[in-house]
Amino acid sequence: MSRVAYVNGTYQPHGQATVHVEDRGFQFADGVYEVWSVFDGRLADFDGHLTRLHRSLDELRIPIPMTRQAMERVLKETVRRNRVNEGLVYLQVTRGTARRDHPFPAEGTPPSVVVTARSMPLSKGNASAEKGVAVVTHPDIRWGRCDIKTVGLLPNVLAKQAAKEMGAAEAWMVDEMGLVTEGSSTNAWIVDENGKLRTRDTQSNILRGITRAAVMKLIEAEGLELDERAFSVEEVKRAREAFYTSATGFIMPAVSIDGARIGDGKPGPIATKLRTLYLDQARDEAI
Ligand code: PMP
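All values derive from a computational prediction rather than experimental measurement. (Residues numbered from 1 in each chain as written. Predicted model: local features only at pLDDT ≥ 70, side-chain atom pairs only at ≥ 80, totals over all residues. Heavy atoms only, no water.)

> Even after reading the chapter, I still don't get the domain arrangement of the protein, so can you show me in this structure?
Accessible area lost when the parts come together is the quantity often used to give the size of an interface. Each domain of the protein was delimited in the assignment, giving domain 1 (4-120) and domain 2 (125-285). With centres defined by C-alpha atoms, the gap from domain 1 to domain 2 works out at 26 Å. The interface is formed by 23 residues belonging to domain 1 together with 19 residues belonging to domain 2. Across the domain 1/domain 2 interface, buried area totals approximately 1900 Å², and carbon plus sulfur atoms make up 62% of it. Of all residues in domain 1, the largest losses of buried area upon contact with domain 2 belong to Y33, F39 and R52, amounting jointly to 33% of the total for that side. Connecting domain 1 to domain 2 are two salt bridges. Close ionic contact of E59 with R145 constitutes a salt bridge, the shortest N to O distance being 3.0 Å. Inspection of the domain 1/domain 2 interface yields eight residue pairs in polar contact (both at pLDDT 80 or more). Every element with two or more residues in the side of domain 1 that touches domain 2 is listed here: β3 (31-39), α2 (46-60) and β5 (87-94). Looking at the side of domain 1 that touches domain 2 residue by residue, the classes come out as 10 nonpolar, six polar and seven charged. (Domains from an automatic or database assignment. Contact = heavy atoms within 4.5 Å. Buried area = accessible area lost by both parts, 1.4 Å probe. Salt bridge = Lys/Arg side-chain N within 4 Å of Asp/Glu carboxyl O. Polar contact = N/O pair within 3.5 Å; in protein donor to acceptor, adjacent residues only side chain to side chain. Helix = DSSP H or I, 4+ residues; strand = E, 2+ residues; numbered from the N terminus. Nonpolar A, V, L, I, M, F, W, Y, C, P; charged D, E, K, R; others polar.)

Here it is as structure tokens:
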């Protein structure tokens, strides 16, 4: 089946879909993005991701390119035209096209908007979640505004590639104090040696994960204890469980870090339960 991409107002065959060479996303990574997971052809946590998109755009003073209704229509139409039942839809907004020059272009330059969608069967993620995955550590060399979801992802790309080359599924980035910040494209969690759930607070330099926020609500509803506080690599090694969260991977149990076994080396009961609860809820609430 041929894929379709939305580019600045039109749906184009994916293979021929292009943006201008002087698009500021291409020239300067001057743009932001969002990713929604798709369940039964519907978008999970539409509002959560849209709210974060607006915040990212506001922080960078890129105009909001279209109304909420128009955005919902374009995302759903892209999902429909690509016949995605289980998968993801990706949206990118850049500061638009203008002669290459560092300062912002003239007021009124329209932002560029690109939307793509692709299938990703749930069964594949479920198989990884049943076994658990390996993570490796990597220095966090990113800029100081990782709370903005920009397309400037080179440090994340290098970290993920390093993980892949070591046979791991994810890289957990570590700051200069030896504390885990987050994964290259996920938020990091442990169940510490005292049985408390831990994830780094968002005052710090990490992305405010939408899945992270949803999992926090589930933790509260389940009456589990959460300590929103950074943890060290040593604490991960002593933890009972570890896992990471994202809109596309949901809750993924990590069973080793830098080759050292975490807990009993199997997905833990809390991560496994949270994954089931999260998937049920995301599917129920998708629009
Ligand atoms: N941290 C980073 C660096 C990410 O790129 C992502 C995924 N976009 C996340 C965390 C997880 O965020 P979310 O749950 O909103 O997908």
